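# Chains, contacts and geometry: an overview
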Amino acid sequence: MATSIREKQTAALRRMLNFNVPPLKNTVTEPVWKVLIYDRFGQDIISPLLAVKELRDMGITLHLLLHSDRDSIPDVPAIYFVMPTEENIDRICQDLRNQLYESYYLNFISAISRSKLEDIASAALGANAVTQVTKVFDQYLNFITLEDDMFVLCNQNKELISYHAINKPDIMDTDMEAIMDTIVDSLFCFFVTLGAVPIIRCPRGNAAEMVAVKLDKKLRENLRDARNSLFTGDTMGAGQFSFQRPLIVLADRNLDLATPLHHSWTYQALIHDVLDFHLNRVTLEEGAGSEALPAGARPKKKNKRIYDLTAADKFWQKHKGSPFPEVAESVQQELDTYRAQEDEVKRLKSIMGLEGEDEGAISMLSDNTAKLTSAVSSLPELLEKKRLIDLHTNVATAVLDHIKTRKLDLYFEYEEKLMSKSTLDKSLLDIISDPDAGTPEDKIRLFLIFYITSQQPPSEADLDQYKKALMDAGCDLSPLSYIKQWKAFTKMAATPANYGNSGVKPMGLFSMVMNTGSQFVMEGVKNLVLKQHNLPVTRILDNLMDMKSNPETDDYRYFDPKMLRGSESSIPRNKNPFQEAIVFVVGGGNYIEYQNLVDYAKAKQGKRVLYGCSELFNAAQFVKQLSQLGQK
């Protein structure tokens, strides 16, 4: 089984930080001390994968931003990890002229052009530093891996390839070309790192198709140049994909605009929706206490707490896709187990006569020594466990506050019913006009989902009534004007997306969490359990992975960059079902779709699915883009 993309990208970074030599396992030699110089792009790629401690273990004593003021450290090698942009190259040339470091290992995140290489060469000559520029590498790492099976293209300058940028009505062809080239460059890097040439499928007539055509061309050109191809020989790893190639399905965000607006119910998606969650890091603002301040006093500054949700966090790995009530219960269970163990340590301490000498303690010393040794050895483990429990208690409590103050369970349940066309037990107007239910943003999200999923748009009279209620609730209606145009346009083009017969079943009130001893006071929050259903993106993947015939995907185009002549056809050459697939959403993705794909892959034994998107946005960020598109 091929290792995950997270492991592959991490391995590539470790190799780079070891001067582009694979690090040797189990050697005890002291690492070479060195400095790492990165730009914001490099920082975003490294930070979700390697912690500061891991960098230090690899000999990185300092890690600095390229464009910060840096002092000269003449006897140390410097590893650069930057994008090959004009200003970065200028700054590297300046470093060479100032003779900042002993030697320079230049690693470019994405391939550098010939002319820019010449600029560096002439600067090195001018600075008499040719011998110091030890190596120049193209790393092909221009994408950010967030999970074993999830990546996004970029975080810096993401507004340049956002949904808004691609769907602007007045976009120039040249701008569109530039956006597509940026996306393709990153996807190309992704496949170089993965070490596989995919089969490409995409729908016709949208941005996804433009990406597919360009990606096919770029892969094909690289394969044709056998001497410099990035897909031959040792880069491929030991025959990982020798017998089977992965499928990449390029989907367009316009295929499904309801899911990114949907209120979610699983832990990771909820964190992304209601908290500040960014590149696997949650930032929580702690309230500074609500006690009355004396007149004229400055309000206390809010403390920020930052938590990293990492691959090493077992609780996170197990529960990030669980429904929130289950998470709250599990945190509580972990807390209880921890408390039991903590008491054990205290008990052992007292037994060991650390509280005054009595004969009992000393006579028992012999049989307790073994017990104590195990307690001492498990102490660091216990403390780490405690740290993770505190982390999840704080994060889950913050999420719960949002659920309760905004009645998110109600929104989630109602939207699920809209999306699965079930009967509604409450009128939409009631929710919109209920001042206690949700923020204006929650209301507009709910209404947009109603509008997107309805077979027949509401009559003008009804629409005016809804609009008035939304205005009264303080909503900005510009996203609606965009969705109206979008719906009119897609109606001509295609059938509305079908969200499967999802639905939620309320499961009685929380049994365990309702206990008085619990950290989480869940009164009034419904215990909703998800029924597994496939979202549009997952359904399309399922058709294409298993080669099912379906009107929705039958006219998808088919590209195989390994075929010598690109043939224009949608007839797959390969008739076998795929075992590995990548779904990539052009125009942005979200954790709801990611989770849906993870659940789908779990149900299909032996299949692996990766999710990628040009940017990762939560509903608030998406609504903002829609309202920019809707403003005239």
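On a plain count of helices and strands, the protein chain comes out with 21 helices and 17 strands. Counting across all 632 residues of the protein chain, residues that qualify as buried make up 51%. When contacts within the protein chain are restricted to residue pairs at least 6 apart in sequence, long-range pairs at least 24 apart make up 79% of them.

So, about the packing of helix 16 (residues 440-453) against helix 17 (residues 460-472). Running from amino to carboxyl end, helix 16 crosses helix 17 at an angle of 165 degrees, the nearest separation of the two axes being 11 Å. With respect to helix 17, the axis of helix 16 lies roughly antiparallel. Along this stretch, helix 16 crosses helix 17, giving a crossing that reads as left-handed. Where helix 16 approaches helix 17, its residues Lys-443, Ile-444, Phe-447, Phe-450 and Tyr-451 are matched on the opposing element by Leu-463, Tyr-466 and Leu-470. Per-class residue counts for the contact of helix 16 with helix 17 are seven nonpolar, no polar and one charged.

This part is about the sheet that holds strand 9 (residues 247-252). The seven strands lie next to each other as 6-7-17-16-9-8-15, forming an open sheet whose pairing is mixed. Each edge of the sheet is formed by a strand with only one pairing partner; in this case those strands are strand 6 (144-147) and strand 15 (557-559). Neighbour-to-neighbour, the strand axes of this sheet turn through a mean angle of 20 degrees, independent of strand direction. Here strand 16 (residues 580-586) runs beside strand 17 (residues 608-613); their pairing, made up of six bridges, is parallel. Residue pairing in the sheet places Glu-580 in a bridge with Arg-608 of strand 17. Lying over the sheet, helix 1 (residues 5-17) contacts strand 6 and strand 17, oriented at roughly 135 degrees with respect to strand 6. Helix 7 (residues 173-194) rests against strand 7 (150-152), strand 9, strand 16 and strand 17 of the sheet, and its axis sits at about 165 degrees to strand 16.

Let us look at helix 5 (residues 114-126). In an α-helix there are 3.6 residues to a turn, and that puts residues three or four apart on one side. Compared with an ideal rise of 1.5 Å per residue, which puts 13 residues at 18 Å, helix 5 spans 18 Å between its outermost C-alpha atoms and is within 8% of the ideal. Of the positions making up helix 5, those classed as buried are Lys-116, Ile-120, Ala-123 and Ala-124. Angularly, the buried residues of helix 5 cover 100 degrees about the axis, an arc narrow enough to put them on a single face. Turned more than 90 degrees off the buried face of helix 5, the exposed positions are Arg-114, Leu-125 and Gly-126. Residues of helix 5 that are buried sit in contact with helix 4 (86-97), strand 4 (101-108) and strand 5 (133-138). Asn-128 sits one or two residues past helix 5 and shows a positive phi near 55 degrees.

This brings us to the packing of aromatic side chains. Throughout the structure, instances matching the rule amount to 24 aromatic pairs. Ring geometry for Tyr-594 versus Tyr-611: centroids 6.4 Å apart, planes at 40 degrees, classification tilted. Highlighted residues: Tyr-594 in helix 20 (residues 591-603) and Tyr-611 in strand 17, separated in sequence by 17 residues. Both residues of the pair, Tyr-594 and Tyr-611, belong to the buried class. The positively charged end of Lys-218 is found above the aromatic ring belonging to Phe-188, 5.2 Å away from the centroid. One residue, Lys-487, lies across the ring of Tyr-451, its end atom 5.8 Å from the ring centre.

Attention now goes to the confidence of the model for the protein chain. Scored by pLDDT, the protein chain comes out at a mean of 84, with 82% of its residues at no less than 70. Long-range and interchain partners of residues 234-242, a stretch whose pLDDT sits below 50, account for 15 contacts in this model, where long-range means more than four residues apart. Here residues 506-517 scores under 50 on pLDDT; set against residues more than four positions off or in separate chains, the count is 24 contacts.

A surface patch of negative charge is lined by Glu-86, Glu-87, Asp-90 and Asp-119. Of the residues forming the negative patch, the biggest block, three residues, is contributed by helix 4. As for its position among the elements, Asp-90 is in helix 4. According to the relative accessible area criterion, Asp-90 is partly exposed, its value standing at 46%.

Below, the discussion takes up the pattern of salt bridges. All chains considered together, the criterion is met by 32 salt bridges. The salt bridge involving Arg-91 is made with Asp-95; its shortest N-O contact spans 3.8 Å. One end of the pair, Arg-91, and the other, Asp-95, are both in helix 4, four residues apart, so they sit about a helical turn from each other. When its relative accessible area of 1% is taken as the criterion, Asp-95 is described as buried. Among the ionic pairs, Arg-253 bridges to Asp-256, the shortest N-O distance being 4.0 Å. A residue is classified by how much of its surface remains accessible, and Arg-253, at 1% relative accessible area, is buried. When its relative accessible area of 0% is taken as the criterion, Asp-256 is described as buried.

The subject of this paragraph is the nonpolar core. Grouped burial of nonpolar side chains is what soluble globular proteins tend to show. Ranked by internal contacts, the top residues of the largest apolar core, which has 80 residues, are Leu-13, Leu-17, Phe-81, Ile-271, Leu-275 and Leu-541. Residues Ile-161, Val-192, Leu-230 and Val-586 belong to the second largest nonpolar core, which totals 40 residues.

Positive phi, normally seen in glycine, also occurs at Leu-279, with a value near 45 degrees. Mapped onto the secondary structure, Leu-279 falls in the loop between strand 10 (276-278) and strand 11 (281-286).

Our focus in this paragraph is the sheet that holds strand 4. Judged by pairing direction, the sheet is parallel, and its five strands sit side by side in the order 2-1-3-4-5 without closing on themselves. The sheet terminates laterally at strand 2 (60-65) and strand 5, the two strands that pair on one side only. Ignoring strand direction, the axes of neighbouring strands in this sheet form an average angle of 20 degrees. As paired strands, strand 1 (residues 34-38) and strand 3 (residues 73-82) are joined by four bridges and run parallel to one another. Across the sheet, the residue bridging to Val-35 is Ala-78, located in strand 3. Helix 1 rests against strand 1, strand 2, strand 3 and strand 4 of the sheet, and its axis sits at about 155 degrees to strand 3.

Note that Ser-229 resides in the loop between helix 8 (207-224) and strand 9. Take Ser-229: its relative accessible area is 10%, and that puts it in the buried class. A polar contact of 3.3 Å, which involves the side chain of Ser-229, links it to the side chain of Asn-222.

So, how was this worked out
- Note that residues are indexed from 1 along each chain, following the sequence as it is written.
- Whole-chain, interface and lining totals are the exception, using all residues; otherwise, since this is a predicted model, local features are given only for residues with pLDDT of at least 70 and side-chain atom pairs are given and counted only at 80 or more.
- Hydrogen atoms and water are omitted, and side-chain values are computed over all heavy atoms in the structure.
- In DSSP terms, a helix is any run of H or I states spanning at least four residues, a strand is any run of E spanning at least two, and both are numbered starting from the N terminus.
- Three labels apply to residues, based on accessible area from a 1.4 Å probe with only protein chains included: buried if under 20% of the type maximum, exposed if over 50%, partly exposed otherwise in between.
- Contact criterion: two residues are considered in contact whenever any of their non-hydrogen atoms come within 4.5 Å of each other.
- Note on method: axes are straight lines fitted to C-alpha atoms, helices fitted across the in-contact stretch only, with angles between N-to-C directions ranging 0 to 180 degrees.
- Each angle is binned into one of four classes, with values under 35 degrees roughly parallel, values over 145 roughly antiparallel, values of 65 to 115 roughly perpendicular, and all other values oblique.
- Working rule for handedness: look at the near helix, and if it is turned counterclockwise from the far one by less than a right angle, call the crossing left-handed; if clockwise, right-handed.
- Put simply, Ala, Val, Leu, Ile, Met, Phe, Trp, Tyr, Cys and Pro go in the nonpolar bin, Asp, Glu, Lys and Arg in the charged bin, and everything else, Gly too, in the polar bin.
- DSSP-based pairing: two strands are paired if at least 2 bridges between them are found.
- To estimate the expected span of a helix, count its residues, drop one, and scale the result by 1.5 Å.
- What the arc measures is the spread of directions leading from the helix axis to the C-beta atoms.
- Two rings from Phe, Tyr or Trp (for Trp, the six-membered ring) form a pair when their centres sit within 6.5 Å of each other. Planes less than 30 degrees apart are called stacked, planes more than 60 degrees apart edge-to-face, and all others tilted.
- In this scheme, the term charge over a ring applies when either NZ of a lysine or CZ of an arginine sits within 6 Å of the ring centre and within 35 degrees of the ring normal.
- As a per-residue measure, pLDDT tells how confident the predictor is, with possible values from 0 to 100.
- To count toward a patch, a residue needs a relative accessible area over 30% and no salt bridge; like charges are then connected within 9 Å, while nonpolar side chains (Val, Leu, Ile, Met, Phe, Trp, Tyr) are connected within 5 Å.
- A 1.4 Å probe and the Shrake-Rupley method give the accessible areas. Residues count as covered only by the protein chains that appear here.
- Here, a salt bridge means any Lys or Arg side-chain nitrogen found within 4 Å of an Asp or Glu carboxyl oxygen.
- Note that His is not counted, nor are the chain ends; the positive residues are Lys and Arg, and the negative ones are Asp and Glu.
- To locate a charge, take NZ of a lysine, CZ of an arginine, CG of an aspartate or CD of a glutamate.
- Nonpolar cores are built from buried Ala, Val, Leu, Ile, Met, Phe, Trp, Tyr and Cys residues. Side-chain atoms within 4.5 Å join them into one set.
- Identification of polar contacts relies on pairs of N or O atoms within 3.5 Å, with a donor-acceptor requirement for protein atoms, meaning one able to donate a hydrogen and the other able to accept it, and with residues adjacent in sequence counted only if both atoms are side-chain atoms.

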